[in-house]
Amino acid sequence: MAILNGRLGRAIGEGVHAPVVLFGVSAVFSLACALFFTRSLPDLQAFGNIRPIDYLGGVIVGFYVLSATLLAPRIGVANFIVCAVSAQIIVSVVIDNFGLLGAAVRPVSLTKLLGVGLLIVGLVITQVADAKSRG
């Protein structure tokens, strides 16, 4: 996805515009799938029941796509994915531990902390290896 978005950004002349095009295509595709599978559209009146925080997922996805589009060409796709997945896992552990955003509380265990620690060590190793390979 990062490579395709980078190419899209270069083709349209501005990397920041690539996610706009991507999400436009995604919205049309998602709408077509919704119509095909449910034979209906979302109930617009139901949008009145949505809390502002419930839109945060869209902001996070937008941030991720924009980050992938702009950073992957600079730091490499593998480095971007390692950093993104590591951040997701670390934040997920925090969310579980404190029950944030309505998640069930799942306290952090010593084993889970060890796993996160190993993840961070792996992240550092990949970054050091990449720095050495570039010179």
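Cut-off values and rules
The numbers attached to residues start from 1 for each chain and follow its sequence in the written order. It should be noted that, the model being predicted, local features are given only for residues of pLDDT at least 70 and side-chain atom pairs only at 80 or more, the latter also being counted only at that level, while totals for whole chains, interfaces and linings use all residues. Excluding hydrogens and water, the side-chain figures rest on all heavy atoms present in the structure. What counts as a helix is a DSSP run of H or I of at least four residues, what counts as a strand is a run of E of at least two, and both are numbered from the N terminus. The rule is simple: take the accessible area with a 1.4 Å probe, protein chains only, and divide by the maximum for that residue type; under 20% is buried, over 50% is exposed, in between is partly exposed. In this charge count, Lys and Arg are treated as positive and Asp and Glu as negative; neither His nor the chain ends contribute. Here the site of a charge means atom NZ of a Lys, CZ of an Arg, CG of an Asp or CD of a Glu. Among buried residues, those of type Ala, Val, Leu, Ile, Met, Phe, Trp, Tyr and Cys that are joined through side-chain atoms within 4.5 Å constitute a nonpolar core. Whether two residues are in contact is decided by their heavy atoms: any pair within 4.5 Å suffices. Throughout this description, the term salt bridge denotes a Lys or Arg side-chain nitrogen within 4 Å of a carboxyl oxygen of Asp or Glu. By this rule the span expected of a helix is its residue count minus one, scaled by 1.5 Å.

S.K.: Can you help me understand the overall build of the chain in this one?
M.R.: The helix and strand inventory of the chain stands at five helices and zero strands. Its helices and strands taken in sequence order, the chain reads α-α-α-α-α from the N to the C terminus. In terms of overall dimensions, the chain has a C-alpha envelope of 50 × 45 × 25 Å along the principal axes. By residue count, 14% of the 135 residues in the chain fall in the buried class. Separation of charge centres in the chain, based on 9 positive and 5 negative side chains, amounts to 9 Å.

S.K.: Teacher, can you tell me more about the nonpolar core here?
M.R.: Generally speaking, soluble globular proteins have nonpolar side chains that are buried together. Judged by nonpolar contacts, A2, A68, A72, F80 and A84 together constitute the single largest core of five residues. Of all elements in the fold, only α3 (56-75) and α4 (77-98) reach the threshold of two or more residues within this core. Apart from the residues within four sequence positions on either side, A68 is in contact with A2, P73 and F80.

S.K.: How should I be thinking about the pattern of salt bridges in this particular structure?
M.R.: When charged atoms on two side chains of opposite charge get close, those side chains can pair. Considering all chains together, one arrives at two salt bridges under this definition. With its nearest N and O atoms 3.2 Å apart, the salt bridge here joins D54 to R51. Judged by relative accessible area, which is 43%, D54 ranks as partly exposed. The partner of D130 in a salt bridge is R134, with the nearest N and O atoms 3.0 Å apart. Taken together, the residues D130 and R134, both in helix α5 (residues 110-134) and four residues apart, mark about one turn of the helix.

S.K.: How do you make sense of the environment of C33 when you look at a structure like this?
M.R.: As for its position among the elements, C33 is in helix α2 (residues 18-38). When the C-alpha atoms of C33 and L113 are compared, they prove to be 40 Å apart, with 80 residues separating the residues in sequence.

S.K.: Quick question: what am I supposed to make of the environment of I120 here?
M.R.: Topologically, I120 is positioned in helix α5. For I120, a relative accessible area of 40% corresponds to the partly exposed category. Expressed as a C-alpha distance, the spacing of I120 and N49, which sit 71 residues apart in the sequence, is 39 Å.

S.K.: Quick question: what am I supposed to make of α2 here?
M.R.: Think of an α-helix as 3.6 residues a turn; residues three or four steps apart then line up on the same face. An ideal rise of 1.5 Å per residue puts 30 Å on 21 residues; α2 measures up with 30 Å between its terminal C-alpha atoms. Two residues or fewer past α2, R39 is found with a positive phi of approximately 60°.

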